[in-house]
Every structure is written in C-alpha cells, then in structure tokens.
Amino acid sequence: MKVYISADIEGITGTTSWSETELNAPDYHFFQKQMTKEVEAAIEGAILGGATEILLKDAHDSARNLDISNLPVNCKVIRGWTYDPMCMVAGLDSSFNRAIFIGYHSKGGSERNPLAHTLCVTADIKINGEYASEFLINTYAAALHGVPVSFVSGDVGLTEEIETFNPNIVTFATKEGVGNATISVSPRLAIAETKRLVEASMKVSRNNLQVTLPKQFVVEIIYRDHTRAYRNSFYPNATFKPHNTVEFVTDDYFEVLRILQFLT
Ligand SMILES: [Zn+2]
C-alpha cells in the first residue's frame, strides 16, 4: 500500500515567526528538527497502519528542510520543487492509497495563525467565494487522481476547517494562533499523537475520506500589490477585477493548479 506524505512547517508545533521557517536562519534549527520528528512519526504511524511504500514531499519554501538521515528503506523523498502544477503534492498519482499532510496551516485571509498564508505571502486565494487553504488546494489536487487525504496536522484554525469540510479526516492540532503569538502543545505530545493518529487514520475507509470536486471553480487571486494583479490578469482567459484581483473561471481543476503555479 502506497502512502503519500506532504510536509510543511508553519503548522509544526511551536513555529510562530517567519525567521523560524527560513533555511539556515539562526532561529530555524529547532523547528527543522521538530518538523523532521513529526514527519518521522507520521511515517512510523503509516507503516504501522499498513503502508509498504511511502513518497515524502518536503513542501516548504526551499523544500530542503527535512533531515532525511533516518528515513526508512521503503520511503523516498522529493526535495526541491519540480515546478509542475501539483506543486506541494508533486508525484502524487492514482497508485497511492491515501495522502497525509503534516505541519499544514491556516489559510491566507485567516487570523488563526501568525504564519497564515496560501502558497505565497503576497496574495490571498479564493475558490468559489471562500478563502482557500493549501489543505483545500492539495486535497482537491489529490482528488484529481482519486486519492483521499486521511490525516492532517496543523494549527487549530485549520483542523476546525477540516472538521467542517470532512469530519472523517483525522486531524491533530499542534497549536492555536492568537494575534502574533501561538499556544503550542508539547513537542513530545505532537510526535506521540501524530504517530498514534496517523496509524488510526489508516483504518478509515477511502470512501468516507474521498471528497467530490466542485463542478466549476471561480478562482480569485487577491494581490497585496495591485500592479501585479493588472500584469497577471493577462494570463490566458483571466480577467482583472479592480483593484487588486485576478479572476479565472474553469471547470477543470488542473487549470486551477496551473494558474496558481504561474501566478502565485
Ligand atoms: Zn510553508
């Protein structure tokens, strides 16, 4: 059974400030280690739950965050960016039984994590009128290949979003954002619970996890800088929505992934 794992850092236990998420910044090293431990816990849980093969995507910033020295022999890791539209779930295809997201975070447009954003920090993204999270974007990307998401860890703003989206997806809340602060669980608890809950999530049936893709997607990319919105509105079939938004309508979710890859 093949399992796909995508790992980010802004939902890892304790991360609070951007300097803690940047490769080689002095503040970064503890959080890089904690990200690695939470991912290793997810891998152990997945294997206990029946995974025989794992593909791991390092999916934050440089995409070279994880210390890969202890990865089990049945795990491969994608480091760096492929630059294809699957982006944070690159390499995910219909051969996978399920996907797991570690260290995910609240969406751009949310006040629930000081590091809340979606894909980039210079624009927020709406899909069908609602601010969209990386969880939503990547869950739909997995759904394109018929692959459901069974476990997600991240801040409580995100886990509450998932609860309303599909309560069968198992979640673990690592922290709560309050203003520019975070209230985190113990890093040790995050590791233990990630392993336990990932294993439990492996037993949830694919039918109960699978989400249906909407028939149509109205994508709005809302830029901080209105001049960038104007420039990017010349993307094929996109329109400029004054004063700072590019709008794009399609019924093909891969086209959503494509425009996000080029315009964010
Ligand atoms: Zn990130």
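What counts, and at which threshold
- Residues numbered from 1 in each chain as written.
- Predicted model: local features only at pLDDT ≥ 70, side-chain atom pairs only at ≥ 80, totals over all residues.
- Heavy atoms only, no water.
- Axes fitted to C-alpha atoms, helices over the stretch in contact; angles between N-to-C directions.
- Helix = DSSP H or I, 4+ residues; strand = E, 2+ residues; numbered from the N terminus.
- Parallel < 35°, antiparallel > 145°, perpendicular 65-115°, else oblique.
- Left-handed = near helix turned anticlockwise from the far one by under 90°.
- Contact = heavy atoms within 4.5 Å.
- Nonpolar A, V, L, I, M, F, W, Y, C, P; charged D, E, K, R; others polar.
- Phe/Tyr/Trp six-rings, centres within 6.5 Å; stacked < 30°, edge-to-face > 60°.
- Buried < 20%, exposed > 50% of the residue type's maximum accessible area, 1.4 Å probe, protein only.
- Pairing = 2+ DSSP bridges.
- Salt bridge = Lys/Arg side-chain N within 4 Å of Asp/Glu carboxyl O.
- Right-handed = clockwise from strand over helix to strand, strands pointing away.
- Core = buried A, V, L, I, M, F, W, Y, C linked by side-chain atoms within 4.5 Å.
- Domains from an automatic or database assignment.
- Polar contact = N/O pair within 3.5 Å; in protein donor to acceptor, adjacent residues only side chain to side chain.
- Donors = N, O, S within 2.8 Å, 3.2 Å for Na, K, Ca; no water.
- Tetrahedral: all angles 85-135°; square planar, octahedral: opposite > 155°, others 65-115°.

Enquirer: What am I meant to see in the packing of helix H2 (residues 134–144) against helix H7 (residues 253–263) here?
Expert: For any two helices packed against each other, the geometry comes down to the angle between their axes and how far apart the axes lie. In the contact formed by H2 and H7, the axes pass within 10 Å of each other and the chain directions differ by 135 degrees. Between H2 and H7, the crossing angle belongs to the class labelled oblique. As H2 packs across H7, the resulting crossing turns out to be left-handed. Counted together, Leu-136, Ile-137, Tyr-140, Ala-141 and Leu-144 of H2 and Tyr-253, Phe-254, Leu-257 and Leu-260 of H7 form the full contact between these two elements. Along the lines of polarity and charge, the residues of the contact of H2 with H7 split into nine nonpolar, no polar and no charged.

Enquirer: Whenever I open this one, the packing of aromatic side chains confuses me. Can you help?
Expert: Geometrically, a pair of aromatic rings is defined through the distance of the ring centres and the angle of the planes. Overall, the coordinates contain 13 aromatic pairs when judged by the stated rule. Plain terms: the ring middles of Tyr-140 and Tyr-253 are 5.5 Å apart, the flat faces sit at 85 degrees to each other, and that makes the pair edge-to-face. Highlighted residues: Tyr-140 in helix H2 and Tyr-253 in helix H7, separated in sequence by 113 residues. For the pair shown, Tyr-140 and Tyr-253 are each scored as buried.

Enquirer: I would appreciate a short explanation of the sheet that holds strand E3 (residues 75–78) in the present structure.
Expert: Backbone hydrogen bonds hold the strands of a sheet together, and the pairing may be parallel or antiparallel. The seven strands lie next to each other as E3-E2-E1-E4-E7-E8-E9, forming an open sheet whose pairing is mixed. Across the chains shown, the open sheet's two edge strands, defined by having one partner strand only, are E3 and strand E9 (181–184). The average angle at which neighbouring strand axes cross in this sheet is 20 degrees, direction not considered. Across four bridges, the pairing between strand E2 (residues 53–58) and E3 is parallel. Bridging across to E3, Lys-57 finds its partner in Ile-78. Packing against the sheet, helix H3 (residues 156–165) makes contact with strand E4 (98–104), strand E7 (149–155) and strand E8 (170–178), and its axis sits at approximately 145 degrees to E7.

Enquirer: Quick question: what am I supposed to make of the pattern of salt bridges here?
Expert: Two side chains that carry opposite charge are able to pair once their charged atoms sit near each other. Applying the stated criterion across every chain, the model contains nine salt bridges. Residues Glu-199 and Lys-203 are paired through a salt bridge, measuring 4.0 Å at the closest nitrogen-oxygen approach. Connected through shared salt-bridge partners, Glu-220, Lys-241 and Glu-247 make up one network.

Enquirer: Help me out: how do you make sense of the pairing of E2 in this one?
Expert: Within a regular strand, side chains alternate between the sheet's two faces. The buried count for E2 comes to five of six residues, which makes it a mostly enclosed element. When strand E1 (residues 2–7) meets E2, the two strands line up parallel, connected through six bridges. When the sheet's bridge partners are listed, Ile-5 is paired in E2 with Leu-56. Traced from E1 through helix H1 (residues 29–48) to E2, the parallel crossover comes out right-handed.

Enquirer: What is the right way to read the side chain of Thr-36 from this model?
Expert: Among the structural elements, Thr-36 can be located in helix H1. Ignoring sequence-local partners within four residues, the contact set of Thr-36 consists of Asn-65, Leu-66 and Asp-67.

Enquirer: Any chance you could explain the nonpolar core here in plain terms?
Expert: One broad trend across soluble globular proteins is that nonpolar side chains are buried collectively. Within the largest apolar cluster, 76 residues are counted, with the highest numbers of intra-cluster contacts made by Ile-5, Ile-100, Ile-102, Phe-135 and Val-152. For this core, the leading source of residues is H2, giving seven residues. Counting the residues that make up this core, at least three belong to each of domain 1 (2–120 + 133–209) and domain 2 (217–263). The contacts of Ile-100, once residues within four sequence positions are left out, are Val-3, Tyr-4, Ile-5, Ser-6, Ala-42, Ala-46, Ser-150, Phe-151 and Val-198.

Enquirer: Before we go on, may I ask you to explain the domain arrangement of the protein chain in this structure?
Expert: The accessible area lost on association of the parts is a frequent measure of interface size. Entries for the protein chain in the domain assignment read domain 1 (2–120 + 133–209) and domain 2 (217–263). For domain 1 and domain 2, the distance between their C-alpha centroids amounts to 26 Å. Listed by partner, the interface residues are eleven residues for domain 1 and seven residues for domain 2. The interface formed by domain 1 and domain 2 contains zero salt bridges. Joining domain 1 to domain 2, the criterion identifies two residue pairs in polar contact (both at pLDDT 80 or more).

Enquirer: Which parts of the structure should I look at to understand the coordination of the zinc ion?
Expert: As a benchmark, a tetrahedral metal site with four donors has ideal angles of 109.5 degrees, while an octahedral site with six donors has ideal angles of 90 or 180 degrees. Looking at the zinc ion, one finds its protein donor set to be Asp-8 (OD), Glu-10 (OE), Glu-10 (OE) and His-60 (ND1), positioned 2.0 to 2.6 Å from the metal centre. The site at the zinc ion holds four donor atoms, and with the angles between them running 54 to 133 degrees, its shape is irregular. Of note, the zinc ion draws all its donor residues from one chain, in the sequence arrangement D-x1-E-x49-H. Comparing Asp-8 with Glu-10 shows no difference in burial state: the two are buried.

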